[in-house]
Amino acid sequence: MILDIYDVEHGACALITTSNGRRVMIDSGHNATTGWRPGTFLRNAGIVEIDRLCVTNYDEDHVSGLPDLLSNVAVHALFRNPSVLPATIRHLKSEDGMGRGIETLVNAAERRFTGGPAPDIDFGDTSFAFYHTHYGVPPFGFDDENNLSLVVFVRCGQHKIIFPGDMEKAGWRQLLLNPAFRQELQDVNLFVASHHGRENGYCQEVMNLCPRINAVIISDKKKGYQSQNVDEYRRHAIGVTLENGATRRVLTTRRDASMMFEFPPLDRFRFWI
């Protein structure tokens, strides 16, 4: 399995290519500085379809490249937090306005991806698990986009990656009430930091349940936020060794740009930045 994490500044976009050639994209941000967009990039690479698109968060930075993606690539299934209806997304965006990416997502959810659950697919040595909170009136549900993030676990052999969208502490703690979710955390070894590494996405209870983390990955633009919790994340990671022999515990797209990880059926993985 190959995992590509793309530099989309303050946004998110990753592509998983399984050993049997299936492809799953997680979020679909774009890079406004370089002009990189996911659909154009994939088509230029000869990729004309993806089996699943997972949207982890209902903010524009997670879907700003979605219009380009749907224009260039056939997307066969959409995965998102199903407790949030398209009309609810419109309501949530009524205060700040709805960007083109979110509007495209809402329209696609209303008109295109309406056929019920996606069919089962053989992903070879890769499997996926999804968790989310539910939309509703607090304290029984959540009415903000971040705590309604879809948390995606990707497993390949002995390796597991977590993509938590922009989940904040309250949402994390709600998910921790689920024993299955707690169990999923225990063998995560690549942790994509929630909310681009900002303090409100860091939950110590979650990190303490992940004793095998090799590295934390932060997707963010060149100027990081003052509230980013890099030091806290660093102390939870074992570290990965670069070609120059240096050990890194936190990787960031603002420093390392796009990165690629290869997961063989062995204890360790290879990666390029």
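The structure we're discussing is the one just above.
Please read these numbers as outputs of a predicted model, since none were measured by experiment. (Residues numbered from 1 in each chain as written. Predicted model: local features only at pLDDT ≥ 70, side-chain atom pairs only at ≥ 80, totals over all residues. Heavy atoms only, no water.)

A. Seen up close, helix α4 (residues 100-111). Helix length check: α4 (twelve residues) gives 16 Å between terminal C-alpha atoms against 16 Å at 1.5 Å per residue, within 8%. Along α4, the residues that are buried comprise G101, I102, T104, L105, V106, A108 and A109. On its buried face, α4 sits against α2 (66-72), β7 (78-79) and α3 (86-92). (Helix = DSSP H or I, 4+ residues; strand = E, 2+ residues; numbered from the N terminus. Expected span 1.5 Å × (residues − 1). Buried < 20%, exposed > 50% of the residue type's maximum accessible area, 1.4 Å probe, protein only. Contact = heavy atoms within 4.5 Å.)

B. Summary view of the pattern of salt bridges. Enumeration over the complete set of coordinates arrives at twelve salt bridges. For E184, the salt bridge identified is with K160, shortest N-O distance 2.7 Å. A residue pair is termed long-range when its members are at least 10 positions apart, and E184 in helix α6 (residues 179-185) and K160 in strand β10 (residues 159-163) qualify at 24 residues. Within this structure, R155, K160, E184 and D187 form a network of salt bridges that share partners. (Salt bridge = Lys/Arg side-chain N within 4 Å of Asp/Glu carboxyl O.)

C. Just the packing of aromatic side chains, in detail. All told, the structure shown has 13 aromatic pairs when counted by the stated rule. With a centroid separation of 6.2 Å and an interplanar angle of 40°, the aromatic rings of W172 and F181 are classed as tilted. Using a relative accessible area of 1% as the deciding quantity, one classes W172 as buried. Among the residues examined, F181 registers a relative accessible area of 0% and is labelled buried. With centroids separated by 6.4 Å and ring planes inclined at 40°, the aromatic side chains of F191 and Y233 adopt a geometry described as tilted. (Phe/Tyr/Trp six-rings, centres within 6.5 Å; stacked < 30°, edge-to-face > 60°.)

D. Examining the sheet that holds strand β5 (residues 52-54) more closely. Strand order in the open sheet made by the seven strands is β7-β5-β3-β2-β1-β16-β17, with mixed pairing throughout. Of all the strands in the sheet, just β7 and β17 (270-272) have a single pairing partner and so form its edges. The pairing of strand β16 (residues 259-262) with β17 spans three bridges and is classified as antiparallel. Looking at the pairing, F261 lines up with F271 of β17. (Pairing = 2+ DSSP bridges.)

E. Examining the environment of T104 more closely. One can find T104 in helix α4. For T104, a relative accessible area of 19% translates into the label buried. Separated by 38 residues in the primary sequence, T104 and L66 have C-alpha atoms spaced 6.9 Å apart. Once residues within four sequence positions are removed from consideration, T104 is found in contact with L66, P67 and L70. Polar side-chain contacts of T104 include one of 2.8 Å to the backbone oxygen of R100. (Polar contact = N/O pair within 3.5 Å; in protein donor to acceptor, adjacent residues only side chain to side chain.)

F. Spotlight on the side chain of S149. If you trace the backbone, S149 turns up in the loop between β8 (126-132) and β9 (150-156). Taking the relative accessible area as the measure of exposure, S149 reaches 0% and is therefore buried. Within the local environment of S149, its side chain forms a polar contact with the backbone oxygen of T56, the two atoms lying 3.5 Å apart. Polar contacts involving the side chain of S149 include one to the main-chain carbonyl oxygen of N146, which spans 2.7 Å.

G. Looking closely at the pairing of strand β2 (residues 13-17). The element β2 is largely enclosed, with a buried count of five among its five residues. Bridging between strand β1 (residues 2-5) and β2 involves four bridges; their strand directions are antiparallel. Each bridged residue has a counterpart across the sheet, and for I5 the counterpart in β2 is A14. As consecutive antiparallel partners, β2 and strand β3 (residues 23-28) are separated by five residues, and within that stretch G21 has a phi angle of approximately 85°, a positive value.

H. Up close: the pairing of β9. Of all the seven residues making up β9, six are buried; the element is thus mostly covered by neighbouring parts of the structure. Direction of pairing for β8 relative to β9: antiparallel, over a ladder of seven bridges. Within β9, the residue paired with A129 across the bridge is F153. Linking β9 back to β10 in an antiparallel pair, the connection comprises two residues, with G157 at a positive phi of about 60°.

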